[in-house]
Amino acid sequence: MSLLSLPGRLLIGLSALFAVAALFVSPGFFTIDEVVYMLGADAFARGQGYVVDNGYSAFGSDALKIWFLQPGVDGLVSQYPAGTAWAGALLLSLFGAKGLIALNVAAGIATLFATRALALALFGSEKVALGAVALLALASFWPEYLFGHWPHAVSVLCTTLALVFFLRALPRETGALGPAVFAGAAIGVGLLFRLDGVLL
């Protein structure tokens, strides 16, 4: 697909729409999960490792132990995998409070292209591929995932990429190792962000 072709222009346009919309979304939190992801990324950005320093280690009060923060060796830690803390620490320094949203928007845009590749591999039709992208982007929860702090878009991207590479490896008698390694790497990266999104 050429980026100048109609499918390429549609994907670029949809990607630009999501990128511009991200500039206007609120960085506020919708769920407790988002708060915990942000606390983990903020702690890592501050050089505290995974320890969320909210006074729990000093006072030990259960009132300071909010949902999804668990007592660790040095204090409270997020119950979630470390990928969001690692990526979030870097992105918080670049985008401030919208750092985790930037991660999801980037993953969400990449997922549009991966969805197209997956549909083409399965059905061999550009119309079906564009329909799949349109359904994902405009007729599902996708915008909610892109503009939130939780890394659902990252896990969907990793799972979709794993399927694309798996399908590339499957019919080959030789040369399947490369796509198979990429499929496994995509699953591995996905597990760094959310276990359920990849394992289910």
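About the cut-offs
Residues numbered from 1 in each chain as written. Predicted model: local features only at pLDDT ≥ 70, side-chain atom pairs only at ≥ 80, totals over all residues. Heavy atoms only, no water. Patch = residues over 30% accessible without salt bridge, like charges linked within 9 Å, V, L, I, M, F, W, Y side chains within 5 Å. Areas by Shrake-Rupley, 256 points an atom, 1.4 Å probe, with all protein chains shown as cover. Salt bridge = Lys/Arg side-chain N within 4 Å of Asp/Glu carboxyl O. Helix = DSSP H or I, 4+ residues; strand = E, 2+ residues; numbered from the N terminus. Buried < 20%, exposed > 50% of the residue type's maximum accessible area, 1.4 Å probe, protein only. Contact = heavy atoms within 4.5 Å. Polar contact = N/O pair within 3.5 Å; in protein donor to acceptor, adjacent residues only side chain to side chain. Expected span 1.5 Å × (residues − 1). Axes fitted to C-alpha atoms, helices over the stretch in contact; angles between N-to-C directions. Parallel < 35°, antiparallel > 145°, perpendicular 65-115°, else oblique. Left-handed = near helix turned anticlockwise from the far one by under 90°. Nonpolar A, V, L, I, M, F, W, Y, C, P; charged D, E, K, R; others polar.

Participant: Looking at this model, I keep getting lost on a nonpolar patch on the surface. Mind explaining?
Facilitator: Where nonpolar side chains cluster on the molecular surface, the patch consists of Val20, Leu23 and Phe24 and spans about 370 Å² of accessible area. Summarising the element assignment, Phe24 is placed in the loop between α1 (6-22) and α2 (32-45). With relative accessibility at 70%, the residue Phe24 sits in the exposed group.

Participant: Sorry if this is basic, but what is going on with the environment of Lys98 here?
Facilitator: Mapped onto the elements of the fold, Lys98 is located in the loop between α4 (83-95) and α5 (99-123). If we skip the residues at most four places from it in the chain, Lys98 touches Ala22, Leu23, Phe24, Val25 and Pro27. Only 2.8 Å separates the side chain of Lys98 from the backbone oxygen of Leu23, close enough to count as a polar contact.

Participant: I tried to follow α2 on my own but got confused; where do I start?
Facilitator: Since there are 3.6 residues in each turn of an α-helix, residues three or four apart along the chain are aligned in direction. Counted at 1.5 Å a residue, the expected span for α2 with its 14 residues is 20 Å, and the 20 Å between its end C-alpha atoms agrees. The set of residues buried in α2 consists of Glu34, Val36, Tyr37, Met38, Gly40, Ala41 and Ala43. Buried positions along α2 lie against β1 (51-52), β2 (69-71), β3 (76-78), α4 and α5. Among the residues trailing α2, Gly47 stands out with phi positive, at a value near 80°.

Participant: Any chance you could explain the packing of α1 against α5 here in plain terms?
Facilitator: To describe two helices that pack against each other, one gives the angle between their axes and the distance between the axes. With their axes 10 Å apart at the nearest point, α1 and α5 run at an angle of 165° to one another. Overall, the two elements α1 and α5 adopt an arrangement that is roughly antiparallel. At the point where α1 passes α5, the crossing takes the right-handed sense. Contacts from Leu11, Ile12, Leu14, Ser15, Phe18, Ala19 and Ala22 in α1 reach Val105, Ile109, Leu112, Phe113 and Arg116 in α5. By residue class, the composition of the contact of α1 with α5 is ten nonpolar, one polar and one charged.

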